[in-house]
Amino acid sequence: MLQIPAGNLRRRHFIREALSLEQFCMDAVITIWHYHGGCQVIRVVDPKYRVMSVDSLRMIDSSTFYNSPGTNPQATVMMLGRYMGKRISN
């Protein structure tokens, strides 16, 4: 039976080996459940997040990110939504 590994596939360091906060974060932070990058700005949406070739549709979520924020992106997505909501209403 095929077994799928769970979690981060990077080599984990023991606490005594993780000499820096950066190394600890690389070992401990996983983002595999937060899909992003499928609806990139300029390729699928314009800089105002309007979907190209579709009238009256905007895509404002993590699929527009080029890179992962590195942690749970919920706050980043909420901030982007609020920012674009204010920008659209003005």
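Structure's up top.
Bear in mind the structure is a predicted one, so any value in this text is a computation, not a measurement. Residue positions are counted from 1 within each chain, in the order its sequence is given. At least 70 in pLDDT is required for a residue's local features to be given in this predicted model, at least 80 for side-chain atom pairs to be given and counted, and no such filter applies to totals for whole chains, interfaces and linings, which use all residues. Excluding hydrogens and water, the side-chain values take into account all heavy atoms of the structure.

A word on unusual backbone geometry
Item 1. Within the chain, I42 stands out as a residue other than glycine whose phi angle is a positive 85°.
Item 2. Secondary structure elements are taken from DSSP: a helix is a run of H or I of four residues or more, a strand is a run of E of two residues or more, and numbering for both begins at the N terminus. Inspection of the secondary structure assignment puts I42 in the loop between helix 1 (21–28) and helix 2 (74–89).
Item 3. Think of it in three bands: with a 1.4 Å probe and only protein chains considered, a residue is buried below 20% of the maximum accessible area for its type, exposed above 50%, and partly exposed in between. Residue classification places I42 among the exposed residues on the basis of a relative accessible area of 53%.
Item 4. Here S56, not a glycine, exhibits a phi torsion of approximately 60°, which is positive.
Item 5. Topologically, S56 is positioned in the loop between helix 1 and helix 2.

Details of the side chain of T64
Item 1. Mapping T64 onto the fold places it in the loop between helix 1 and helix 2.
Item 2. Classification of T64 by relative accessible area gives buried; the value is 3%.
Item 3. In the analysis that follows, any N or O atom pair within 3.5 Å is treated as a polar contact, provided that within protein one partner can donate a hydrogen and the other can accept it, and provided that, for residues neighboring in sequence, both atoms belong to side chains. Polar side-chain contacts of T64 include one of 2.8 Å to the backbone oxygen of D61.
Item 4. Only heavy atoms enter the contact rule, under which two residues are in contact if any of them lie within 4.5 Å. Those residues within four positions of T64 in sequence are excluded, and the remaining contacts are C39, Q40, V41, V45, Y49, M59 and L80.

Brief notes about the nonpolar core
Buried together is how nonpolar side chains tend to be arranged in soluble globular proteins.
Item 1. Of all hydrophobic cores here, the largest spans 8 residues; its members are C39, V41, V45, Y49, V51, F65, L80 and M84.
Item 2. Beyond its immediate sequence surroundings of up to four residues, F65 is in contact with H36, G37, Q40, P73, T76, V77 and L80. The set of buried Ala, Val, Leu, Ile, Met, Phe, Trp, Tyr and Cys residues whose side-chain atoms join them within 4.5 Å is what this entry labels a nonpolar core.

Side note on the pattern of salt bridges
Item 1. Salt bridges are identified by distance alone: a Lys or Arg side-chain nitrogen within 4 Å of an Asp or Glu carboxyl oxygen. One pass over the full model with this rule turns up 1 salt bridge.
Item 2. With its nearest N and O atoms 2.8 Å apart, the salt bridge here joins D46 to R50.
Item 3. On the basis of relative accessibility, which here comes to 37%, the residue R50 falls in the partly exposed class.

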